[in-house]
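Chain by chain, the residues run as shown.
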Amino acid sequence: MSEATTAPEQGPSIDKIKTLLGAKDDTSRFVGLALLKSVLDNTPELRSNEEVVVGLWESIPPKFLDRLIRTGSKHKAQDSSESSRRDSNDMLDLAVSVLHTFAALLPEHARQNAKLLGRIPQLVVCLLYCSNDTMRLALETLVSLVSQPSGAQIFTAVEDPSPLTEIASSQPLALDTLLYAWLNAMTAAADKTDLKSKIDRTIGNLVSSFKGTDAVTLLGFLANLLPRLEPEVLPFNPSWLPSLGRFIRDLVVSRPTAAGRAAFTNLSAALLEVYPLQAPQLLFAERGSKSDNPFSYLLINLILVDIRATLPTLLEQLNSPQYPETARRLASAFNVVSHFIGYLVRSMDSVGDSSLPWVISPDLLLKIRKAISETMSLTTEYLRDRWDASVAGAMGLHPEARVGTANTAAGSHFTLAWDSKSDNAADDPLILAAVRALAIWIREDDNNLLRKEAAGLSDMLLDLYQDGSQGNGSKLDFRRPVLVALEGIIVERKGREAFLDNGGWSALADDLLSILEASSTVSDEADAARGIEIVRVLLQIAEAERPGPREAWMDVVTRVAAWYVPEAKQSPVVEECQVAALQLVTALLANAHPGMQKRYVHSTSAVLGIASQLKKKTSGDKALEEALEDVQGTLSGLR
């Protein structure tokens, strides 16, 4: 009975709306548009009928929508009579509201049609003349439309996006519009130089519009945008960088809120990543500063406090909705600390170099060193707990006991092995950032206690390393940070024991040999650089072992002796890796027992032949030539 009643009421109203919209006079069209909006708002079953929605959309003349928006914006701008202003408000509000409705209701194929996307330029222009409610609807519509590559291209073709930059400080959706538009346009842009110029100019205008505010939303927007821009569209050394540095400094010294801390931490990390030459000068350098607490000290101290305050309760938040944002902030914090340590080391090594001014005074340096060490000690505890929860269950626990799930029919609870429902530890960028920061600190800082603590992570570090070497599907590559960490760990006897007990020699040696053998046909500089770092670690192990290298290690000698030397000239990094492999073999043979040396006499001769071939290839590189002469001299004395 109700269906029979509803159908006749709907049919005529839709036909009537289409008739009004098809009329030649704008008054009838306006009435039809108002009826259409009312019907769609009050008839849920109609909104879900794609065929009817598409038919109604096709009945609206697109030029009429443009005229309503244009006329409404113009009349409002002229600020004419009250009656005229009301009419212009009604025109603008109705047109934007209708576009917002259809952007939400139309099926995907219809949303990509030029009839809808072609309204983007008018929506941008009208933003300065809308009421707050209509402005929100216009921005939501723009965000929806520019989330498609075709819509993003139309948006980036708009000559004057200034309405968005002018309202951005009070309307975060304006920043969302720019973010989605640029990222989607980047994938399909034919002229990336033009897009790069527009991004540079628009960010400069945004920076100007945010002056006098805390700029938290702007910093958050740029922290999301800049690391995701391709090099072809990333502005090079932009003029707005110093202004961003001032925004960050103002936030740091103003007792920031949680949102403010997240914004300056994430943006600092982003700037250090995409502008590695300019950003350290903005964030760490103190040129002519007379302050007792220079900005770099305040920044790093605040970040370290945040890490120490958050890590103790982080494990229990793994499956909470807040974890992704918290983990992102902490990952950024660790990355900033890594860059700061690197800048500090370079500053110490380049005293007197004006391009690397001294960061902080010696007394503050001692305080910051203590704070970093305390933070890294806490980080070591967290990494141990997270890895045990994810993989081990408990340190030393038998693999058969490492079972369980965090979610059962009885509800969620902690079992022997539990982890994030969505990502495991090896896929968490926070773990990579924490390992990287810990690694560089234990290598550069002479802290034996911390190195002993880090030795307890050897099983985790080597598991992460082998995941990368074996291509086990992890999203992240931990191999380089792990090698840096191992350099610091194996300085201590306990660290060397932990490294060997967890299969460290075979893991690294196998990777080195695969890199060396592949270099016969392929010159991969990234792999070669890793090979050099592997040798740096294994050499320390080989030279510290008493009474000499273990029998299993000598497999490196036989496999290097069988290596085929490529004839073609290769990049310096690849050739340095090849020479480093010979240096490792030389150290193994030189430290071996005389009886073992005799057993490997044929391999020794083969390695000498390889050294001679490499010496011809590396002619002109004095450092490599000297290294090969040492190899030849040492090995010749063993035969």
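Naming follows an unreviewed UniProt entry, where the protein chain appears as Neurochondrin-domain-containing protein of Chaetomium strumarium.

Q: What's the story with the overall build of the protein chain in this structure? I'm lost.
A: Of the regular secondary structure elements, the protein chain holds 33 helices and two strands. Looking at the protein chain as a whole, 51% of its 639 residues are labelled buried. If you take every contact in the protein chain between residues at least 6 apart in sequence, the share linking residues at least 24 apart comes to 75%.

Q: Whenever I open this one, the environment of alanine 542 confuses me. Can you help?
A: Looking at the element boundaries, alanine 542 is found in helix α28 (residues 525-544). We classify alanine 542 as buried; its relative accessible area is 0%. Once the C-alpha coordinates of alanine 542 and tryptophan 505 are considered, the two residues, 37 residues apart in sequence, prove to be 9.6 Å apart. Leave out the neighbours within four places in its chain, and alanine 542 touches Trp505, Trp553, Leu588 and Asn591.

Q: Before we go on, may I ask you to explain the pattern of salt bridges in this structure?
A: Pairs can form between side chains of opposite charge once their charged atoms are near each other. Applying the stated rule across the entire model yields 28 salt bridges. A salt bridge links arginine 384 to aspartate 459; the nearest nitrogen and oxygen atoms lie 2.7 Å apart. Residue arginine 384 is located in helix α21 (residues 362-392), and its partner aspartate 459 is located in helix α24 (residues 458-470); the two are separated by 75 residues in the primary sequence. Judged by its relative accessible area of 11%, arginine 384 falls in the buried class.

Q: How should I be thinking about the nonpolar core in this particular structure?
A: Soluble globular proteins: nonpolar side chains tend toward being buried together. Membership of the largest hydrophobic core comes to 213 residues, with the highest contact counts inside it found for Leu33, Phe102, Phe221, Phe499, Trp505 and Leu508. Once you skip the residues sitting within four places of it in the chain, phenylalanine 102 turns out to touch Leu36, Leu40, Val53, Leu56, Trp57 and Ile60.

Q: So what exactly am I meant to see when it comes to the packing of helix α15 (residues 216-225) against helix α17 (residues 258-274) here?
A: Each pair of packed helices can be described by the angle between their axes along with the distance between the axes. Running from N to C, α15 and α17 cross one another at 35 degrees; their axes reach a closest spacing of 8 Å. When the axes of α15 and α17 are compared, the crossing they make is left-handed. Contacts between α15 and α17 involve Val216, Leu219, Gly220, Leu222 and Ala223 from the former and Ala259, Gly260, Ala263, Phe264, Asn266, Leu267 and Ala270 from the latter. By residue class, the composition of the contact of α15 with α17 is nine nonpolar, three polar and no charged.

Q: Just checking my understanding: could you explain the side chain of serine 28 for this structure?
A: Structurally, serine 28 can be placed in helix α2 (residues 26-42). Serine 28 gets classed as buried once you look at its relative accessible area, which sits at 18%.

Q: Honestly, the layout of surface pockets in this entry has me stumped. Any pointers?
A: Think of a ball as big as a water molecule: rolled over the atoms, this probe shows where empty space is left. Computed from the structure, the second largest pocket encloses a volume of approximately 280 Å³. Every residue lining the second largest pocket is counted, 13 residues in all, and those nearest its centre are Arg436, Ile440, Arg443, Pro481 and Val484. When contributions to the lining of the second largest pocket are tallied by element, the ones reaching two or more residues are α20 (323-349), α22 (429-444), α25 (479-489) and α28. Of the residues assigned to the lining of the second largest pocket, the class counts are four nonpolar, three polar and six charged.

Q: What is the right way to read helix α14 (residues 192-209) from this model?
A: Quick reminder: α-helices carry 3.6 residues per turn. Residues three or four places apart thus point the same way. Spanning 18 residues, α14 covers 25 Å between terminal C-alpha atoms, matching the ideal 26 Å at 1.5 Å per step. Listed in full, the buried residues belonging to α14 are Leu195, Lys198, Ile199, Thr202, Ile203, Leu206 and Val207. Packed against the buried residues of α14 are α11 (149-156), α12 (162-167), α13 (172-188), α15 and α16 (241-252).

Q: Please explain the state of the cysteines as it appears in this structure.
A: Each disulfide consists of a covalent bond between the sulfur atoms of two cysteine residues. Using the criterion set out here, one finds zero disulfides in the structure. With no disulfide partner, cysteine 130 has as its closest neighbouring cysteine sulfur the one in cysteine 126, 3.7 Å distant. Residue class for cysteine 130 comes out buried when judged on its relative accessible area of 10%.

Q: How should helix α33 (residues 622-636) be read in this particular structure?
A: With 15 residues, α33 extends 21 Å between its outermost C-alpha atoms, agreeing within 8% with the 21 Å of an ideal straight helix rising 1.5 Å per residue. Of the positions making up α33, those classed as buried are Leu624, Ala627, Leu628, Val631, Gln632 and Leu635. All buried residues of α33 fall inside an arc of 135 degrees around its axis, so they share one side. Relative to its buried face, α33 has exposed residues pointing more than 90 degrees away, namely Lys622, Ala623, Glu626 and Asp630. Buried-residue contacts for α33 involve α30 (572-591) and α32 (601-617).

Q: Help me out: how do you make sense of the packing of aromatic side chains in this one?
A: Aromatic ring pairs are defined here through the distance separating the ring centres and the angle between the ring planes. Considering all chains together, one arrives at five aromatic pairs under this definition. The interplanar angle of 45 degrees and the centroid separation of 5.1 Å between the aromatic rings of tryptophan 57 and phenylalanine 102 together place this pair among those described as tilted. Taken together, the residues span a long stretch of sequence, with tryptophan 57 in helix α4 (residues 50-58) and phenylalanine 102 in helix α6 (residues 82-105) at a distance of 45 residues. Side by side, tryptophan 57 and phenylalanine 102 carry an identical accessibility label, which is buried. Geometrically, the ring pair formed by tryptophan 182 and phenylalanine 221 is tilted, given 6.2 Å between the ring centres and 45 degrees between the ring planes. Of this pair, tryptophan 182 sits in helix α13 while phenylalanine 221 sits in helix α15, and the two are 39 residues apart along the sequence. Here tryptophan 182 matches phenylalanine 221 in class, with each residue buried.

Q: Looking at this structure, how should I read the side chain of serine 268?
A: Within the secondary structure, serine 268 sits in helix α17. Judged by its relative accessible area of 0%, serine 268 is buried. Within the structure, serine 268 has its side chain in polar contact with the backbone oxygen of phenylalanine 264 (distance 2.6 Å). Excluding its chain neighbours within four sequence positions, the residues that come into contact with serine 268 are Ile248, Leu283, Leu299 and Val336.

Q: Looking at this structure, how should I read the environment of phenylalanine 340?
A: With respect to the element layout, phenylalanine 340 can be found in helix α20. Between the alpha carbons of phenylalanine 340 and serine 296 there is a distance of 8.8 Å; along the sequence they are 44 residues apart.

Q: What exactly am I supposed to notice about the packing of α28 against α30 here?
A: At a minimum axis separation of 8 Å, α28 and α30 run at an interaxial angle of 15 degrees. In terms of orientation, α28 lies roughly parallel with respect to α30. As α28 packs across α30, the resulting crossing turns out to be left-handed. Each of Glu525, Ala528, Ala529, Gly531, Ile532, Val535, Leu538, Leu539, Ala542 and Glu543 in α28 lies in contact with α30, whose residues at this interface are Val573, Val574, Glu576, Cys577, Ala580, Ala581, Gln583, Leu584, Ala587, Leu588 and Asn591. Here the contact of α28 with α30 is built from residues that sort into 15 nonpolar, three polar and three charged.

Rules used throughout
- Residues numbered from 1 in each chain as written.
- Predicted model: local features only at pLDDT ≥ 70, side-chain atom pairs only at ≥ 80, totals over all residues.
- Heavy atoms only, no water.
- Helix = DSSP H or I, 4+ residues; strand = E, 2+ residues; numbered from the N terminus.
- Buried < 20%, exposed > 50% of the residue type's maximum accessible area, 1.4 Å probe, protein only.
- Contact = heavy atoms within 4.5 Å.
- Salt bridge = Lys/Arg side-chain N within 4 Å of Asp/Glu carboxyl O.
- Core = buried A, V, L, I, M, F, W, Y, C linked by side-chain atoms within 4.5 Å.
- Axes fitted to C-alpha atoms, helices over the stretch in contact; angles between N-to-C directions.
- Left-handed = near helix turned anticlockwise from the far one by under 90°.
- Nonpolar A, V, L, I, M, F, W, Y, C, P; charged D, E, K, R; others polar.
- 1 Å grid on protein atoms, 1.4 Å probe; cavity = no way out; pocket = protein on both sides within 12 Å on 5 of 7 lines; lining within 4 Å.
- Points joined across faces, edges and corners; volume = space filled by probe spheres on them.
- Expected span 1.5 Å × (residues − 1).
- Disulfide = S-S within 2.5 Å.
- Arc of directions from axis to C-beta.
- Phe/Tyr/Trp six-rings, centres within 6.5 Å; stacked < 30°, edge-to-face > 60°.
- Polar contact = N/O pair within 3.5 Å; in protein donor to acceptor, adjacent residues only side chain to side chain.
- Parallel < 35°, antiparallel > 145°, perpendicular 65-115°, else oblique.

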